[in-house]
Amino acid sequence: MTEFDLIRQYFDRGPPRHAELGIGDDGALLRDRAGMSRVIVTDMLVGGRHFLADVDPASLGHKALAVNLSDLAAMGARPQAFTLAIALPGVDADWLGAFCRGMFALADASGCELIGGDTTRGPLCLSITAIGEVPQGAALRRDHAQPGDDVWVSGALGGAAAALAALLESPGSLSAAARHRLDWPQPRLALGQALRHLASAAIDVSDGLLADLGHVAERSRIGIELRADLVPLDPALSALDPRQALGHALGGGDDYELAFTAPAENRLAIEALGRSLELALTRIGSAGGGRGVSVVDARGRPLADLARGFDHFG
Ligand code: ADP
Ligand code: MG
């Protein structure tokens, strides 16, 4: 059973009765008064699964909030507030001080504040619920991509997956830059909000580009064709053999870049946006009439056997 089968079978009770958008996207939407929609997202980090026991607590505080803000970014939302539920094995003042420094630095930089939560003793586990807002009808959903749209991605991919693989295999070989990519992801909030009027659909790359674009293809009922040679590779991948590098970029999670679709007439505006944000925005493929995500090389020949992304129950 995959993670998504489990959610569908046990938690998804069909189209929401009151919410504007329920289970199945990066965030849920609740219609507000005054032309705005409230956006709500939740992500949990569990010790031993999402991070190693010796993780720098400042980076953990940053990342616990960053992965949630990344979901708000993928909805085109502006963050407002968050709650923190935390289970701690005990009270370690140094650890908590560093954790809070990391978390609140990102909170302050993103204009959102901690408004509540829950604290208990137990194996280290963190769950944040973040709340944002977006003008009604302007949210970037997964289900509005159209055949003929371009497919884009921000930044570079595969750095976090390469860092994790190196960390598990030979920790000494890991460069500081690669480690930074894994531990300090930057939620693309300014990009998400700027894409409200340019993109037709968006998702953040948390489980791997192929898996995450697969959700867009499925919910939009389109096919996506990716050009492997156009996918921007993190500099940390240059030391690897090309096939392994591509595997990390297409199948590795934890990059927290935004993948999005947009009509071809918005190309120049999107390129200009990338320059103004000083963030690489790369056209990596196109949406068509088929189903699912396929990957081709520069000459259009299909590439098979590529990693399909991370699934907690797969
Ligand atoms: P993301 O990677 O963007 O955080 P997920 O892949 O974790 O999204 O989840 C897919 C969808 O299923 C989301 O809409 C999420 O809110 C929903 N979901 C996940 N777990 C549960 C749950 N236990 N109950 C209800 N909805 C859930
Ligand atoms: Mg997401």
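Look up: the structure comes first, before these words.
Now for a quick tour of the structure. Counting restarts for each chain: residues are numbered from 1 in the order of the written sequence. Chain labels run from A onward and ligand labels from 1 onward, assigned in the order the entries are written. Where local features are concerned, this predicted model is filtered to residues with pLDDT of at least 70; where side-chain atom pairs are given and counted, the filter is 80 or more; whole-chain, interface and lining totals use all residues. Heavy atoms from the whole structure form the basis of all side-chain values; hydrogens and water molecules are not counted.

### Considerations on the coordination of the magnesium ion (ligand 2)
Keep this limit in mind: In this listing, donors mean N, O and S atoms no farther than 2.8 Å from the metal, or 3.2 Å for Na, K and Ca; water is missing from the atoms, so a site can look incomplete. Exposure is judged per residue with a 1.4 Å probe applied to protein chains only, and the accessible area is read against the type maximum: over 50% gives exposed, under 20% gives buried, and values in between give partly exposed.
Surrounding the magnesium ion (ligand 2) are the protein donor atoms Asp26 (OD), Asp71 (OD) and Asp204 (OD), which sit 2.0 to 2.1 Å from the metal. Under the relative-accessibility criterion, Asp204 is labelled buried at 2%.

### Digging into the nonpolar core
Put simply, the test is: Buried residues of nine kinds, namely Ala, Val, Leu, Ile, Met, Phe, Trp, Tyr and Cys, make up a nonpolar core once their side-chain atoms join them within 4.5 Å. Helix and strand assignments follow DSSP, with helices taken as H or I runs no shorter than four residues and strands as E runs no shorter than two, numbered in order from the N terminus. Here, two residues are considered to be in contact whenever any of their heavy atoms come within 4.5 Å of each other.
Among the nonpolar cores identified, the biggest contains 48 residues, and Leu126 and Phe260 are the most heavily contacted of them. Sorting elements by how many residues they give to this core places helix α2 (residues 57-74) first, with eight residues. Setting aside chain neighbours within four positions, we find Phe260 in contact with Asp150, Val151, Trp152, Leu191, Leu195, Ala199, Ala201, Ala202, Ile270 and Leu281. By size, the runner-up hydrophobic cluster in this structure holds 28 residues, among which are Ile203, Leu209, Ile222 and Ala287.

### Brief notes about the sheet that holds strand β8 (residues 223-227)
Heads up, the rule is: If DSSP finds at least two bridges between two strands, the strands pair. As a rule, the C-alpha atoms of each element are fitted with a line to give its axis, helices using only the stretch in contact, and angles between N-to-C directions run from 0 to 180 degrees.
Spatial ordering of the open sheet is given by β7-β9-β6-β10-β8-β11-β12, a layout of seven strands whose pairing is mixed. If you trace the sheet from one side to the other, it starts and ends with β7 (201-204) and β12 (302-303), each paired once. Note: strand β6 (residues 150-154) against strand β9 (residues 258-262), four bridges, orientation antiparallel. Across the sheet, Trp152 pairs through a bridge with Phe260, a residue of β9. Sheet strands in contact with α2 are β7 and β9, and its direction is about 175° off that of β7.

### Observations regarding a nonpolar patch on the surface
Filter applied, for reference: The residues that make up patches have over 30% relative accessible area and no salt bridge, and they are joined within 9 Å when like-charged or within 5 Å when they are Val, Leu, Ile, Met, Phe, Trp or Tyr. Areas reported as accessible are Shrake-Rupley estimates using a 1.4 Å probe. Residue values count occlusion only from the protein chains shown. Salt bridge, as used here: a side-chain nitrogen of Lys or Arg that lies within 4 Å of a carboxyl oxygen of Asp or Glu.
Together, Met1, Tyr10, Phe11 and Ile23 give the surface a local cluster of nonpolar side chains, amounting to about 480 Å² of exposed area. Here Ile23 shows up in the loop between α1 (3-11) and β1 (28-31). The exposure class of Ile23 is partly exposed, given its relative accessible area of 45%.

### Comments concerning the pattern of salt bridges
Here the structure, examined in full by the defined rule, presents 17 salt bridges. A salt bridge links Arg142 to Asp26; its shortest N-O distance comes to 2.7 Å. Linking Arg142 in the loop between β5 (125-135) and β6 with Asp26 in the loop between α1 and β1, this pair joins segments that are 116 residues apart in sequence. For the pair Arg142 and Asp26, one class covers both residues: buried. Between Asp254 and Lys63 there is a salt bridge, with its nearest N and O atoms 3.0 Å apart. With Asp254 in the loop between α8 (242-251) and β9 and Lys63 in helix α2, the pair connects residues that are 191 residues apart, well separated along the chain. Here Asp254 and Lys63 have matching classes, each one buried.

### Quick word on the site of ligand 1
To be explicit about the condition: Any residue with a heavy atom lying within 4 Å of a molecule or strand is counted as near it. Side-chain atoms alone can form a polar contact between residues adjacent in sequence; in general such a contact is a pair of N or O atoms within 3.5 Å, and within protein one must be able to donate a hydrogen while the other accepts it. Residue classes follow a fixed rule: Ala, Val, Leu, Ile, Met, Phe, Trp, Tyr, Cys and Pro count as nonpolar, while Asp, Glu, Lys and Arg count as charged, and any other residue, Gly among them, counts as polar.
What surrounds ligand 1 is the set Phe4, Ile7, Phe11, Ile23, Gly24, Asp25, Asp26, Asp43, Asp71, Arg142 and Ser206. The contact in question runs from an oxygen atom of ligand 1 to an N or O atom on the side chain of Asp43, over 3.4 Å. One nitrogen or oxygen atom from the side chain of Arg142 is found 3.1 Å from an oxygen atom belonging to ligand 1. Relative to its unbound accessible surface of 560 Å², ligand 1 loses 68% to contact with the protein. Per-element tally for the shell around ligand 1: the top contributor is α1, with three residues. Across the shell around ligand 1, the residue classes tally to four nonpolar, two polar and five charged.

### Some thoughts on the environment of Gly116
With respect to the element layout, Gly116 can be found in strand β4 (residues 113-121). Along the primary structure Gly116 and Arg31 are separated by 85 residues, whereas in three dimensions their C-alpha atoms are 22 Å apart. Excluding its chain neighbours within four sequence positions, the residues that come into contact with Gly116 are Phe82, Thr83 and Leu84.

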